[in-house]
Amino acid sequence: MNTAFAPYPIGTPGVPWGDEERAEWLSQQPLQRSYESEVLSVIERLRPRFDAEQYGLLDYGPESYPLMAIRSRDWRDDLPVVLITGGVHGYETSGVHGALQFVDRHAADYAGRVNLLVVPCVSPWAYERIHRWNPNAVDPNRSFRHGSPAEESAALMRLVALVRDRVLMHIDLHETTDTDETEFRPALAARDGKPFEPAGIPDGFYLVDDSENPQPGFQQAVIKAVEQVTHIAPTDDSGELIGSPVVARGLIQYPLKQLGLCASITSAPYKTTTEVYPDSSRTTPEQCNAAQAAAVCAAIDYALARQ
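The structure reproduced in this document is the subject of the present report. Sequence positions are assigned chain by chain, starting from 1 and proceeding in written order. Note on the predicted model: pLDDT of at least 70 is required for a residue's local features to be given, and 80 or more for side-chain atom pairs to be given and counted; whole-chain, interface and lining totals, by contrast, use all residues. For side-chain calculations, the full set of non-hydrogen atoms in the structure is used, while hydrogens and water are omitted.

Moving on: the overall build of the protein chain. Helices and strands together make up the secondary structure of the protein chain, namely nine helices and ten strands. C-alpha extents for the protein chain along the principal axes are approximately 55 × 50 × 35 Å. Each of the 307 residues in the protein chain was classed as buried or not, and the buried ones make up 56%. Split by element, the accessible area of the protein chain, about 13,100 Å² in all, is 50% carbon and sulfur. For the purpose of charge, His is not counted, nor are the chain termini; Lys and Arg are scored as positive and Asp and Glu as negative. A single reference atom marks each charge: NZ on Lys, CZ on Arg, CG on Asp, CD on Glu. Positive and negative side-chain charges in the protein chain, numbering 26 and 42 respectively, have mean positions lying 7 Å apart. Helix and strand labels come from DSSP, where a helix needs a run of H or I of at least four residues and a strand needs a run of E of at least two; each type is numbered from the N terminus. Burial classes: relative accessible area under 20% of the type maximum marks a residue as buried, over 50% as exposed, and values in between as partly exposed (1.4 Å probe, protein chains only). Computed with a 1.4 Å probe, the accessible areas rest on the Shrake-Rupley method; for each residue, only the protein chains presented here act as cover.

Rendered as structure tokens:
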């Protein structure tokens, strides 16, 4: 395992990776869990109550992965669309299972009020390997742009294209983990030939707003709901979270479209990215999933109340 004080074990410090380094990295990504048994099987169990559709197919050598979306069965063109995405980073487990938990336990509460479009696992290859990237060492959540280098991102954008201007709210479910600091950020720095700069890991839940269209009331409504389930991340000694200034309790901002982030793919007036901290001694996997589901409910409720 890499540390902040040791060079990443692949590549030469200061030199971006080439094909050889990417191949070496790929050879070290073992299969660790099953997309079919843990995600697709859950979607199948939801089919009696919701529509499920395949919107793409990832073909990675000998392996292929159907990309699945869940829709409201009572879809109506006169209703606004709510988009819920999870598993853009496959290793962020509660994003996937929190989205599925929302569908199973809460989606029926919104029948006839909104059209739900839920994509619980955008990156199934990475889900199975508990990784941030796809097999090409590309981060899907920096790839939501024209000519995307990540098929995961391109497929989701194609799915959303027909409704992107009707989306009222988009919530993208993520986690920040200890391995961000020990593996994923060091790997990113090594891949790009840059020095690794530790930023620390927030202990608790926080949100990422769009700096180009901030919605502080919306964000705080989500924070208020989630703190009933798990704790909110305090600021660090610099008044930041993960290297970004805190603009309100548990809230930072990114320019979503500029960075090619998933939450930028629609024209929704309300959008947010959740960040659950599953490695805290103060929470459990069940609470992490419940926090994601609570965030979704609070986000929909706020958006509907202000239509």
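On to the pairing of strand 4 (residues 115-119), then. The buried count for strand 4 comes to five of five residues, which makes it a mostly enclosed element. Alternating positions in strand 4 separate into two faces, Asn115, Leu117 and Val119 on one and Leu116 and Val118 on the other, with burial throughout. Two elements, strand 2 (residues 63-71) and strand 4, share two bridges in a ladder whose sense is antiparallel. Opposite Arg71, over in strand 4, you have Leu117 as the bridge partner. Think of it this way: DSSP has to see at least two bridges between two strands before they count as a pair. Relative to strand 4, strand 3 (residues 81-86) runs parallel, the two being bridged by five bridges. The residue of strand 4 that forms the bridge with Leu83 is Leu117. Handedness of a crossover is defined as follows: with both strands directed away from the viewer, a clockwise route from the first strand across the helix to the second makes it right-handed. Following the backbone out of strand 3, through helix 3 (residues 93-105) and into the adjacent parallel strand 4, one traces a crossover that is right-handed.

Attention now goes to the packing of aromatic side chains. The rule is short: rings of Phe, Tyr and Trp, with Trp giving its six-membered ring, pair when the centres are within 6.5 Å, and they are stacked under 30 degrees, edge-to-face over 60, tilted in between. As enumerated under the stated definition, the model contains ten aromatic pairs in all. When the centroid spacing of 6.2 Å and the interplanar angle of 35 degrees are considered together, the rings of Tyr8 and Trp17 count as tilted. Comparing Tyr8 with Trp17 shows no difference in burial state: the two are buried. Centroid distance Tyr35 to Tyr65: 6.1 Å. Interplanar angle 65 degrees. Geometry classified as edge-to-face. Note that Tyr35 is positioned in helix 2 (residues 35-46) and Tyr65 in strand 2, a separation of 30 residues in sequence. Given the relative accessible area of 3%, Tyr35 is considered buried. Given the relative accessible area of 3%, Tyr65 is considered buried.

Further remarks concern the pattern of salt bridges. Whenever a carboxyl oxygen of Asp or Glu lies within 4 Å of a side-chain nitrogen of Lys or Arg, that contact is scored as a salt bridge. On inspection of all chains with the given rule, the structure shows 14 salt bridges. Two residues, Asp104 and Arg49, come together in a salt bridge whose shortest N-O distance is 2.5 Å. With a gap of 55 residues between them, Asp104 in helix 3 and Arg49 in the loop between helix 2 and strand 1 (51-60) connect regions that are remote in the sequence. Judged by relative accessible area, which is 39%, Asp104 ranks as partly exposed. Between Arg185 and Glu181 there is a salt bridge, with its nearest N and O atoms 2.2 Å apart. Separated by four residues within a single helix, Arg185 and Glu181 lie in helix 6 (residues 178-192), roughly one turn from each other. With relative accessibility at 14%, the residue Glu181 sits in the buried group. What emerges from the salt-bridge pattern is a single network uniting Glu63, Glu128 and Arg129.

Inspection of the secondary structure assignment puts Ala154 in helix 5 (residues 151-160). For the pair formed by Ala154 and Pro140, sequence separation is 14 residues and the distance between their alpha carbons is 9.0 Å.

Taken N-terminus to C-terminus, the directions of helix 2 and helix 3 make an angle of 10 degrees; their axes are 11 Å apart at the nearest point. In terms of their interaxial angle, helix 2 and helix 3 are classed as roughly parallel. Contacts between helix 2 and helix 3 involve Glu38, Val39, Val42, Ile43 and Leu46 from the first element and Val96, His97, Leu100, Val103 and Asp104 from the second. Side-chain classes follow a simple rule in which Ala, Val, Leu, Ile, Met, Phe, Trp, Tyr, Cys and Pro form the nonpolar group, Asp, Glu, Lys and Arg form the charged group, and the remainder, Gly included, forms the polar group. Within the contact of helix 2 with helix 3, the residues separate by chemical class into seven nonpolar, one polar and two charged. Geometry is summarised by axes, namely lines fitted to C-alpha atoms with helices restricted to the contacting stretch, and by angles between N-to-C directions that run from 0 to 180 degrees. What sets the label is the angle itself: under 35 degrees gives roughly parallel, over 145 gives roughly antiparallel, 65 to 115 gives roughly perpendicular, and the rest give oblique. Residue contacts are defined here by distance: any two heavy atoms, one from each residue, within 4.5 Å place the two residues in contact.

What makes a nonpolar core is a set of buried Ala, Val, Leu, Ile, Met, Phe, Trp, Tyr and Cys residues whose side-chain atoms join them at distances within 4.5 Å. One finds Ile84, Phe102, Leu116, Leu156, Met169 and Ile300 to be the most contacted residues of the largest nonpolar core, which totals 82 residues. Among the elements that take part in this core, helix 9 (residues 285-305) stands out by supplying twelve residues, more than any other. Ignoring anything within four residues of it in the chain, the contact list for Leu116 reads Ile70, Arg71, Ser72, Trp75, Val82, Ile84, Phe102, Ala107 and Ile300. Within the second largest apolar cluster, nine residues are counted, among which are Tyr206, Val208, Ile252 and Leu256.

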